[in-house]
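Summary of structural features
Each chain, letter by letter, is given below.
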Amino acid sequence: MGLSSDVVTLSDLSDRQLQEQLTTDGIVIQTGAFLIHLRSRLAPIFEHIKIFYADYPVYNTDFADFHVRIDHPPGLRRWIKSQVYFYLDERVPFKPLPASQACPMLEWGLNWCIANYAHQYLIIHAAALEKNGCGVLLPALPGSGKSTLTAALMLRGWRLLSDELGIIETESGNLMPLARPVNLKNESINIIRDFSQDAMISPAYKDTNKGTVSLVRANPESVEMASQKVKQCFVIEPKYLPESTANLTPVSRGNMFMHVAENSFNYSVLAKHGYDVMTRLIEGSKCYSFVYSRLEDAVRIFDDLVDAQHAR
Amino acid sequence: MAEYWVKEPELSLHQQQWDDEFVVYNASSGDTHLFDSISIKILSLLESHSMSTDAILSEVNKTQSDELDLFFISELLESMARYGLIKRRCDAV
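What you see is a predicted model, and the numbers here were worked out from it, not measured in a lab.

Now for the pattern of salt bridges. All names here are of chain A. Applying the stated rule across the entire model yields 18 salt bridges over all chains. The closest approach of N and O atoms between lysine 131 and aspartate 303, which form a salt bridge, is 3.0 Å. With a gap of 172 residues between them, lysine 131 in strand 7 (residues 121-131) and aspartate 303 in helix 9 (residues 295-310) connect regions that are remote in the sequence. Across the pair, aspartate 303 and lysine 131 agree in class, each one buried. Note that glutamate 164 and lysine 146 form a salt bridge whose closest N and O atoms lie 3.4 Å from each other. Separated by 18 residues along the polypeptide, glutamate 164 in the loop between strand 9 (159-162) and strand 10 (165-169) and lysine 146 in helix 4 (residues 146-155) bring together distant segments of the chain. Each member of the pair, glutamate 164 as well as lysine 146, is classed as buried.

Listed below in structure tokens is the structure:
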């Protein structure tokens with residue numbers, strides 16, 4: 001593919017090398033358990049991966065789990081009300097988006113690929129983080145504040161595994177990292193900007209079907225450890241509730257099993273195997289619901305929880 | 001006409017118990033259910049023979065501290081039938 005054998009991370013490439021690779025043969029980036037072969041002629045994609053994927057390993061290989069391309073369609077829609085398509089293996093799995101949304105489209109498209117094809121894993125619509133060797137799975141409905149909480153925990157020293165996909169290795173039950181950018185929506189963007197000066201936040205992408213979206217870069221420590229699986233310790237359903245007092249409430253394993261299965265992309269696809277994996281996951285986890293309004297309180301409670309677990 | 005309940009034939013059920021909750025996977029349908037001990041008791045009762053609603057109610061109440069009524073058991077049996085776990089059988093008297 002033309003990459004030097006000395007190249008380790010994307011930031012090791014010069015702008016010229018990156019631009020050339022991206023627009024011709026493509027670049028193979030490792031995100032956790034997956035190799036992504038990416039091509040694009042779009043300047044925003046170049047700028048996006050240059051900053052948000054700077055720390056990720058790149059490889060000189062023809063093999064990739066997903067071959068994706070983000071580009072303008074042929075014809076007039078390249079120029080008039082400009083659109084972009086997400087291509088997987090040169091097929092278009094979903095409708096185009098306005099060109100201004102190319103970068104979030106890349107992130108959503110990659111999530112879609114994993115959720116629809118990576119059936120060697122059990123995949124939950126959940127955030128996943130780790131601290132002190134304890135994996136925490138945060139299954140949640142949209143609007144629960146999951147991604148905001150995930151970004152806050154990452155910015156306070158937790159390892160980010162994923163903000164959107166809880167990936168469970170079926171043999172071991174361990175959580176698999178992705179360590180890709182965190183998606184924030186609407187008010188959450190300024191909340192995280194105020195929460196931490198260290199947050200590297202993308203420009204706001206407006207008028208998406210999720211509202212205004214920004215991406216928070218995964219911290220380098222999370223990316224560096226993206227090959228290290230984590231033992232699952234806790235399953236916690238977060239819920240942002242204005243003016244509430246942060247509170248952890250135990251949830252029965254039976255109820256949590258059903259909640260997590262309902263939030264899974266492929267529990268049904270895996271059939272009995274999915275049931276067995278989910279059973280082991282829940283059996284090995286302490287299960288809670290969590291209500292919060294202030295991020296600092298949430299971080300403190302999560303820290304205390306894993307500290308107590310670690311001290312055992 | 002006498003009405004009985006029977007377990008669906010060739011059901012393949014797998015269950016995991018946590019305290020008084022049972023997560024049951026029906027490999028025949030791919031459905032997963034969260035049951036309490038009463039539903040599990042009913043499946044156990046119908047494992048090898050058919051029973052009437054009254055007989056099921058009588059057996060279940062032997063293990064209940066608060067006696068259940070016919071309406072409750074009837075509703076529960078109907079829901080288990082909708083899940084494809086049991087079915088109603090009517091025999092001429």
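This part is about helix 8 (residues 271-283) of chain A. When the terminal C-alpha atoms of helix 8 of chain A are compared, their 18 Å separation across 13 residues agrees well with the 18 Å that a helix rising 1.5 Å per residue should span. Here helix 8 of chain A has its buried residues at Gly274, Tyr275, Val277, Met278, Thr279, Leu281 and Ile282 of chain A.

Moving on: the packing of helix 1 (residues 15-23) of chain A against helix 2 (residues 43-52) of chain A. All names here are of chain A. Their axes nearest at 11 Å, the elements helix 1 and helix 2 cross at an angle of 125°. Accordingly, the angle class assigned to the pair helix 1 and helix 2 is oblique. Both helix 1 and helix 2 take part in a crossing whose hand is right-handed. Residue-level inspection shows Asp15, Leu18, Gln19 and Leu22 of helix 1 in contact with helix 2, the latter providing Ile45, Phe46, Ile49 and Lys50. The class makeup of the residues in the contact of helix 1 with helix 2 is five nonpolar, one polar and two charged.

Below, the discussion takes up the packing of aromatic side chains. Residue and element names in this part refer to chain A. Applying the stated criterion across every chain, the model contains 17 aromatic pairs over all chains. Ring centres 5.6 Å apart and planes at 10° place the aromatic pair phenylalanine 290 and tyrosine 292 in the stacked group. You'll find phenylalanine 290 and tyrosine 292 in the same group, each marked buried. Arginine 69 extends its terminal NZ or CZ atom over the ring of tyrosine 87, reaching a point 4.0 Å from the ring centre. For arginine 156, the ring lying beneath its charged end belongs to phenylalanine 195, and the centroid distance is 4.0 Å.

Counting from both sides, the interface comprises ten residues of chain B and, opposite them, 13 residues of chain A. At the boundary of chain B with chain A, total buried surface from both sides reaches about 1100 Å², with 68% on carbon and sulfur atoms. Taken together, the links from chain B to chain A amount to nine residue pairs in polar contact (both at pLDDT 80 or more). Contributing elements (two or more residues each) for the side of chain B that touches chain A: strand 2 (13-18), strand 3 (21-26) and strand 4 (31-35) of chain B.

For the rest of this paragraph, the subject is the pairing of strand 15 (residues 232-240) of chain A. Residue and element names in this part refer to chain A. With respect to burial, strand 15 is a largely interior element, seven of its nine residues being buried. With three bridges connecting them, strand 8 (residues 134-139) and strand 15 associate as parallel partners. Opposite glycine 135, over in strand 15, you have glutamine 232 as the bridge partner. Taken together, the seven bridges between strand 15 and strand 17 (residues 286-292) define a ladder with parallel strand orientation. Residue pairing in the sheet places proline 238 in a bridge with phenylalanine 290 of strand 17.

All names here are of chain B. Pairing within the open sheet is antiparallel, and its three strands lie in the order 2-3-4. Only two strands of the sheet have a single partner each, and these edge strands are strand 2 and strand 4. Going from strand to strand, the sheet's axes swing by 20° on average, the running direction of each strand aside. Inspection of the sheet shows strand 2 paired to strand 3 by six bridges, in the antiparallel sense. Note that in strand 3 the partner of glutamine 15 across the bridge is valine 24.

What follows covers the side chain of aspartate 163 of chain A. Residues and elements named next belong to chain A. Its place among the elements puts aspartate 163 in the loop between strand 9 and strand 10. Lysine 146 provides the closest opposite charge to the buried, unpaired aspartate 163, separated from it by 5.4 Å. Polar contacts involving the side chain of aspartate 163 include one to the main-chain amide nitrogen of asparagine 183, which spans 2.8 Å. Apart from residues no more than four positions distant in its own chain, aspartate 163 is found in contact with Ala126, Ala127, Lys146, Ser147, Thr150, Pro181, Val182 and Asn183.

Cut-off values and rules
- Residues numbered from 1 in each chain as written.
- Chains lettered and ligands numbered in written order.
- Predicted model: local features only at pLDDT ≥ 70, side-chain atom pairs only at ≥ 80, totals over all residues.
- Heavy atoms only, no water.
- Salt bridge = Lys/Arg side-chain N within 4 Å of Asp/Glu carboxyl O.
- Helix = DSSP H or I, 4+ residues; strand = E, 2+ residues; numbered from the N terminus.
- Buried < 20%, exposed > 50% of the residue type's maximum accessible area, 1.4 Å probe, protein only.
- Expected span 1.5 Å × (residues − 1).
- Axes fitted to C-alpha atoms, helices over the stretch in contact; angles between N-to-C directions.
- Parallel < 35°, antiparallel > 145°, perpendicular 65-115°, else oblique.
- Left-handed = near helix turned anticlockwise from the far one by under 90°.
- Contact = heavy atoms within 4.5 Å.
- Nonpolar A, V, L, I, M, F, W, Y, C, P; charged D, E, K, R; others polar.
- Phe/Tyr/Trp six-rings, centres within 6.5 Å; stacked < 30°, edge-to-face > 60°.
- Lys NZ or Arg CZ within 6 Å of the ring centre and 35° of its normal.
- Buried area = accessible area lost by both parts, 1.4 Å probe.
- Polar contact = N/O pair within 3.5 Å; in protein donor to acceptor, adjacent residues only side chain to side chain.
- Pairing = 2+ DSSP bridges.
- Lys, Arg positive; Asp, Glu negative; His and termini not counted.

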